[in-house]
Each structure stands twice: as C-alpha cells, then as structure tokens.
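Fold and geometry: a report
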Amino acid sequence: MGTPAKQGKPVTLSIDGFEVTVPEGTSVMRAAAEAGMQIPKLCATDSLDAFGSCRLCVVEIEGRRGTPASCTTPVHPGMVVHTQSEKVRRIRKGVMELYISDHPLDCLTCAANGDCELQDMAGAVGLRDVRYEAPENAPLANHFEARNTSGATNPQWLPKDDSNPYFTYDPSKCIVCSRCVRACEEVQGTFALTIQGRGFDSRVSPGMAADDFLSSDCVSCGACVQACPTATLQEKSVIELGTPDRSVVTTCAYCGVGCSFKAE
Ligand code: FES
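Here we summarise the structure given alongside this text. In this text the structure is predicted, and so the values were computed from the model without any measurement. (Residues numbered from 1 in each chain as written. Predicted model: local features only at pLDDT ≥ 70, side-chain atom pairs only at ≥ 80, totals over all residues. Heavy atoms only, no water.)

1. A short note on the pattern of salt bridges
- Taken as a whole and assessed by the stated rule, the structure comprises four salt bridges.
- A salt bridge links D46 to R30; its shortest N-O distance comes to 3.9 Å. With a gap of 16 residues between them, D46 in the loop between helix 1 (28-34) and strand 3 (60-61) and R30 in helix 1 connect regions that are remote in the sequence.
- Residue E97 pairs with R131 through a salt bridge whose shortest N-O separation is 2.8 Å. Remark: R131 occurs in the loop between helix 3 (117-124) and helix 4 (143-146) and E97 occurs in helix 2 (residues 86-101); sequence separation between them is 34 residues. (Salt bridge = Lys/Arg side-chain N within 4 Å of Asp/Glu carboxyl O. Helix = DSSP H or I, 4+ residues; strand = E, 2+ residues; numbered from the N terminus.)

2. Concerning the nonpolar core
- Residues L13, I15, V75 and V81 are the most contacted members of the largest nonpolar core, which totals 21 residues.
- Elements with a minimum of two residues in this core: strand 1 (10-15), strand 2 (18-23) and helix 1.
- Top element by residues in this core is helix 1. It accounts for four residues.
- In this structure, V95, M121, A122 and I175 belong to the second largest nonpolar core, which totals 19 residues. (Core = buried A, V, L, I, M, F, W, Y, C linked by side-chain atoms within 4.5 Å. Buried < 20%, exposed > 50% of the residue type's maximum accessible area, 1.4 Å probe, protein only.)

3. Observations regarding the sheet that holds strand 1
- Overall, mixed pairing links the four strands, which are arranged 2-1-4-3 in an open sheet. Across the chains shown, the open sheet's two edge strands, defined by having one partner strand only, are strand 2 and strand 3.
- As defined by bridge partners, strand 1 adjoins strand 4 (residues 80-82) across two bridges and the pair is classed as parallel. Bridging from a neighbouring strand, I15 pairs with V81 of strand 4. (Pairing = 2+ DSSP bridges.)

4. Observations concerning the pairing of strand 2
- As paired strands, strand 1 and strand 2 are joined by six bridges and run antiparallel to one another. Within strand 2, the residue paired with I15 across the bridge is F18.
- The hairpin turn running from strand 1 into strand 2, its antiparallel successor, is two residues long, and D16 in that turn takes a positive phi close to 50°.

Following this line, the structure appears as structure tokens:
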C-alpha cells in the first residue's frame, strides 16, 4: 500500500462505484482501504514503500490498458477504478495458484498456521485447486521427500538457517516479496539482506559473502521477522510457544535501541 501520502490537494475518484476523496499522491490501494475496501496484497504493507512485485493487487482502470498494480498507481481526479471485476479476480487467482505451486503444503503443522498472509490471500481470492506442479516436475506431495538433494539451489531444497539465536530462516517458505529486504533497509538502515538468484532459484540471502544470518551484517533487530508474511522468518519463541494471542507496543526485544517497534 505504501507509506501514506503527505497532505496534498484533494483528489476525488470512483472505486467500485463509490466516490472517494484522498490527498494527491495517495495510491489507489490506500484510497480503497480508506473507503473500507481491502484489495488483496502480499508485497505491500502500511509502513514500507510500495514495491509492486507480487501482482496480487491488480485493478482495472477505465480508459487505461492492462491491469496495473493498485499499490504503485497514484490516484488521479475522475479516475474510475474496478477492484472486483471478473478479469482481476481471474488474474489474482492465477497469481496465487503460481505462488502455492512453489510452496510447501504443510499449513496444519506450520508455525504460522492461522497467522500467514499467503494462507489468508489464498482464501481471499477463492483458491481451491492448484493446476501446476512443483519445480523439476516433482508432484506437490513429494516436496518434502525431494528436499536437500545434492547440488540443488532451488529454495525448496535448501535447509533451514537456524544460526541466529532469535529467529529461523526457512527458504522453502519464501515467496520473495522482499518485505524483509525492504524492512532491513527502510526500518533498520542495515542493508544486510538481498535477493539472490532468478526465477525458482531466487531467495532472500543475508549477503553474498555470508554463509548464514549469524555471519552476516544482520544486527538481529527483528524488522525482517516482523515484515515476513509467511513462516519464512520466524521468532524462535513463536515456534516454541505458539503465536501470541495479543499485541503490545514494546521496546524491541533484540537490540535494545528503544525504537518502540510494534509487535503484532
Ligand atoms: Fe501491489 Fe504486491 S501488493 S504488487
């Protein structure tokens, strides 16, 4: 959704037949949210700059070709936006199908079960079946047996990184939304994370020169863990004790800088 627009000239547009007025520079996604309409999303958050990588938030805009990402599209006066047309629903379902085709199907035993945005979005777009097979033609049911075969670089086959004392990194669950990379840069200013590889091989990496999180420039601030929409980056305490049943505003438990990071 991107960070909120600074106060600008009011702009009035139509979203799904409702007239909405927001400051100039606001994204279509944020304008819809302010009118109570939630557009499915995976890579956008309230606090990070919009990135436009997951393509789940596509919308139709009258007079404009294609289906732009609503998180990176600014509002214009008189714009007429459709967020629930047959075309965008079909595209979103197709996008989710591709994500799930390359994701472990262990939701019932996953530490993020019930608190996973990928799970939420699959439900939001009405995904029931996945027509595609996993990489290297491995049937989805065989994902787990197929992991860790020698020489493979696909994240589905890479082992978990348990080196950090506070959190784990499981590349098989990464959807490469880059929220962790952007949180590391925008929230913490550390630039410890990057995206490495292409296509099915792409994954979050704690720097090309580091073997694992512990030997990287990571300062264990936890911003990446907070930003992760799946169980890719998980607090060890959550894995051991389960998902917290309430939210508090607290000083970050990791570095003690006192930045009042909001734990959810
Ligand atoms: Fe807009 Fe991901 S939320 S492209």
